[in-house]
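# Coordinate inspection notes
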Amino acid sequence: GTPYLSVMPKHGFLTAKAIGNRIKSKGLQKLRWYCQICQKQCRDANGFKCHVMSEPHQRQMLLVAGKSGKIIDGFSQQFRSEFLRLLQRRYNTRRVLINTVYNEFISDKDHLHMNSSKWRSLTEFSQYLGKEGYCIVDETPKGWYIQWIDRDPETLKRAEKVKRLEAAKQDEEDRAADMLQAQIERDRAAAEARGETVESVPEATGLQRGEDEEDKVAFNLAASKPTMAAVAKPKPALSMHTDDDLAAKFGITSKPASSAKRKASDKPMSALERIKMETEAAKKAKREKEAAQRDVKVEHWLHAGIIVKIVNKTLHDGKYYKRKGVVLKVIDKFIAKIQLLDSKTVLKLDQEFLETVIPKVGGPMLVLNGRFRGLCCRLEAIDVDHFAVRVTLREGSAKGQVVTLPYEDVSKLDVA
């Protein structure tokens, strides 16, 4: 019979032409040859010219011509939403150069181009973000810096709670001051009833002069002349005995001079001074305790033993993009020496090229920033809407406490 011949389709996915086209289109292409309406990227000027003259493009342009303003507004809203989402997830409320965020934004091949929106430059876009209240914007010689404003209801609720706690603490300090003043008055009255004199602390005042402006302050610096009796009085002869010999001879027990001087200079403390000293000591101890418990966030979050993900698409032409590795060593706080989990390749990368990894529920994690920095914890739940996780601390003074932390403050812990 006739042999069966297998013929591949002309435009198949695995044809040589299709594979060659994918290789050529790998990476970012020139923006001037990109058509946002058709979402088509051309590789050269000739291809872009042919696309513009093609019938599908002409049909799209006819549709756009009737509602160009609405379409541009839609592209502008989409560009703003995706840009702010990247700023929120990658940098949160940190102050960052807008060019840094934009370079990371356009590293995605399928990103929405800014020239399809109503903004013509990053400067114009950054001024828009500051005017509309999305970010805190300031201009420096290096460029425009932006800082995302967190308007999440949960964040605002926490800020309001902190404000109420500070107000309550201030009221408590005022009540303590009133109680202290009342105690001072009672001690003063009791001392006067016993016939004791209580010295009041004088108030500091400015220099007050009399009505007569001619008053002057005179100083007598003349040295007094010695009298004849003092001159004629013979000086005592030097003794060859030391103080220790005299003390042993007469049975005198000597005391240190500094101790004697200190006892002579010290005065018994009054009730008012003692209460003031105790109150100041209590306030100082309270301030130190609050300072130790206050949340302190730092810019460097790398720790040895955590698992991170590489998010730089330009590193070795994207060879290591989205690959995970374990941090072997941290160099100068911001550089990590990592070993890839799949190939055992060792790389040295800046923390800007890395992001944290969230394990499955129940997996071990490490807190990287904030009050519980450096403590191990266990993942309980993931809050996708607010980009946060709920964990249970497994060590430290807060062991067993359940806290909610953002994605960038925790990462998976390598237990292998």
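The preceding data block contains the structure.
Residues numbered from 1 in each chain as written. Predicted model: local features only at pLDDT ≥ 70, side-chain atom pairs only at ≥ 80, totals over all residues. Heavy atoms only, no water.

With that settled, consider the nonpolar core. Ranked by internal contacts, the top residues of the largest apolar core, which has 22 residues, are Phe79, Phe83, Leu87, Ile98, Phe125, Leu129 and Ile146. Contributions of two or more residues to this core are made by α4 (68-90), α5 (98-106), α6 (122-132) and β5 (143-148). With five residues, the single largest contributor to this core is α4. With sequence-adjacent residues up to four places away left out, Phe125 is seen in contact with Phe79, Arg80, Phe83, Ile98 and Trp119. The next biggest cluster of nonpolar side chains, apart from the first, holds 17 residues, and it includes Ile338, Leu347, Leu349 and Leu368. (Core = buried A, V, L, I, M, F, W, Y, C linked by side-chain atoms within 4.5 Å. Buried < 20%, exposed > 50% of the residue type's maximum accessible area, 1.4 Å probe, protein only. Helix = DSSP H or I, 4+ residues; strand = E, 2+ residues; numbered from the N terminus. Contact = heavy atoms within 4.5 Å.)

For the rest of this paragraph, the subject is the sheet that holds strand β15 (residues 410-412). The antiparallel open sheet is built from five strands, whose spatial order is β14-β13-β12-β11-β15. Both outer strands of the open sheet, β14 (402-406) and β15, are each paired with one neighbouring strand and no more. Across the sheet, the axes of successive neighbouring strands diverge by a mean angle of 45 degrees, strand direction being ignored. Taken together, the three bridges between strand β11 (residues 364-367) and strand β12 (residues 376-383) define a ladder with antiparallel strand orientation. The partner of Met365 across the bridge, within β12, is Cys377. (Pairing = 2+ DSSP bridges. Axes fitted to C-alpha atoms, helices over the stretch in contact; angles between N-to-C directions.)

This brings us to the pairing of β5. Burial analysis of β5 places five of its six residues in the buried class, which makes it a mostly covered element. Pairing of strand β3 (residues 96-97) with β5 involves two bridges; the strand directions are antiparallel. In the strand pairing of β5, Leu97 is matched with Tyr145. With six bridges joining them, strand β4 (residues 135-140) and β5 adopt antiparallel strand pairing.

Here we take up the state of the cysteines. Throughout the structure, instances matching the rule amount to zero disulfides. Cys377 takes part in no disulfide bond, and the closest cysteine sulfur, belonging to Cys376, lies 7.4 Å away. What makes Cys377 buried here is its relative accessible area of 0%. (Disulfide = S-S within 2.5 Å.)

No statement about biological role is implied by the geometric values presented.
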